Amino acid sequence: MSKPLPTAVRTHLTALRALLVLTVLLGIAYPLLVTGVAQAVFNDNANGSIVKTADGKEAGSDLLGQSFNLPKQNPDDPDEAPRPDPKWFQPRPGAYDPTASGASNLGPNSADLTAAVEERRQAVAAFDGVDPASVPADAVTASGSGLDPHISTAYAQQQAARVAEARGLPVDTVRELVDKYTDGRPLGFLGQPGVNVVLLNKALVEQK
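Source: prediction; values computed, not measured. (Residues numbered from 1 in each chain as written. Predicted model: local features only at pLDDT ≥ 70, side-chain atom pairs only at ≥ 80, totals over all residues. Heavy atoms only, no water.)

Draft legend 1. Spotlight on a nonpolar patch on the surface. A surface patch of nonpolar side chains, amounting to about 980 Å² of accessible area, comprises Val-21, Leu-22, Leu-25, Leu-26, Tyr-30, Leu-33, Val-34, Val-37, Val-41 and Phe-42. Here Leu-25 lies in helix H1 (residues 7-41). Judged by its relative accessible area of 47%, Leu-25 falls in the partly exposed class. (Patch = residues over 30% accessible without salt bridge, like charges linked within 9 Å, V, L, I, M, F, W, Y side chains within 5 Å. Areas by Shrake-Rupley, 256 points an atom, 1.4 Å probe, with all protein chains shown as cover. Salt bridge = Lys/Arg side-chain N within 4 Å of Asp/Glu carboxyl O. Helix = DSSP H or I, 4+ residues; strand = E, 2+ residues; numbered from the N terminus. Buried < 20%, exposed > 50% of the residue type's maximum accessible area, 1.4 Å probe, protein only.)

As structure tokens, then:
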């Protein structure tokens, strides 16, 4: 009759077997199952909600905002301020760098934030040709993540005339696109309707 293994050895072997079983179940089988279901049922979402142009090129994701600026006048100057392109609907202020998501952490009593908001208000009003008092709040403040692709319907409609003029399109056509790409309130009652700037600008390119 063989001598039973010491208690410490049996305990370690039991723990090793549990580790191996759980690794297979939770580290291999479960991730494969979830990935398979996601690819089969939610293929677009599972692959990043990629936005493609008419010729099939990837243009970004409809989950992440982008900057729509004119080319730099001096590409070698890292301090050159970006210039918004009048042919595009503009997103909220932000760097739109997915590797550095986050807010400024400046509070409503911050003098720096107040000055930045007022400077943005004047710039947006001049760019869109409107009264500074009518500029919506989201046009001068960044989102919490700095990556939100949505703007308010008020900000989108404010930009419609400028975009239409820059592209030589009827303003009613551009406003219809804004309405088409307006998302309702999440779950029907949360937040406010918003317009996805990435999808709206993609529709502008495809507009005939």
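Draft legend 2. The confidence of the model for the protein chain, seen in detail. Looking at the protein chain as a whole, the pLDDT averages 88, with 97% of positions reaching at least 70. Helix H4 (residues 153-167) holds the highest mean pLDDT among the elements of the protein chain, 96, whereas helix H2 (residues 43-46) holds the lowest, 73. (pLDDT = per-residue confidence, 0-100.)

Draft legend 3. Layout of helix H5 (residues 171-180). Buried within H5 we find Val-174, Leu-177 and Val-178. Projected down its long axis, H5 carries its buried residues within an arc of 105 degrees, all on one side. Residues Asp-172, Glu-176, Asp-179 and Lys-180 are exposed on H5 and point more than 90 degrees away from its buried face. Turning to H5, the residues buried within the fold contact H4, strand E4 (182-183), strand E5 (194-196) and helix H6 (197-206). (Arc of directions from axis to C-beta. Contact = heavy atoms within 4.5 Å.)

Draft legend 4. Inspection of the packing of aromatic side chains at higher detail. Applying the stated rule across the entire model yields one aromatic pair. Between Phe-68 and Trp-88, the ring centres sit 5.7 Å apart and the planes meet at 35 degrees, which makes this aromatic pair tilted. Taken together, the residues Phe-68 in the loop between strand E2 (58-61) and helix H3 (111-128) and Trp-88 in the loop between E2 and H3 connect sequence positions 20 residues apart. On the accessibility criterion, Phe-68 (12% relative accessible area) is buried. Cation over ring: Arg-167 sits above Trp-88, and NZ or CZ is 4.4 Å from the ring centre. (Phe/Tyr/Trp six-rings, centres within 6.5 Å; stacked < 30°, edge-to-face > 60°. Lys NZ or Arg CZ within 6 Å of the ring centre and 35° of its normal.)

Draft legend 5. Representation of the side chain of Asp-85 within the structure. Structurally, Asp-85 can be placed in the loop between E2 and H3. By relative accessible area, Asp-85 is classed as buried at 7%. Looking at Asp-85, its side chain comes within polar contact range of the main-chain nitrogen of Lys-87, at 3.1 Å. Once residues lying within four places of it in the same chain are set aside, the contact partners of Asp-85 are Phe-68, Asn-69, Leu-70, Gln-90, Phe-127 and Arg-162. (Polar contact = N/O pair within 3.5 Å; in protein donor to acceptor, adjacent residues only side chain to side chain.)

Draft legend 6. Inspection of the environment of Leu-70 at higher detail. Relative to the helices and strands, Leu-70 is located in the loop between E2 and H3. Judged by relative accessible area, Leu-70 falls into the partly exposed class, the value being 30%. The contact partners of Leu-70, leaving out residues within four places of it in the chain, are Arg-83, Pro-84, Asp-85 and Pro-86.

Draft legend 7. Molecular detail of the pattern of salt bridges. All chains considered together, the criterion is met by four salt bridges. Among the salt bridges present, the one from Arg-162 reaches Asp-128, with a minimum N-O distance of 2.9 Å. Here the residue Arg-162 occupies a position in helix H4, and Asp-128 occupies one in helix H3, the gap between them amounting to 34 residues. On the accessibility criterion, Asp-128 (9% relative accessible area) is buried. In this structure, Glu-206 and Lys-202 form a salt bridge, with 2.7 Å as the shortest nitrogen-oxygen distance. With Glu-206 and Lys-202 both in helix H6 and four residues apart, this pair spans about one turn of that helix. Residue Glu-206 is classed as partly exposed on the basis of its relative accessible area of 36%. For Lys-202, a relative accessible area of 24% gives the class partly exposed.

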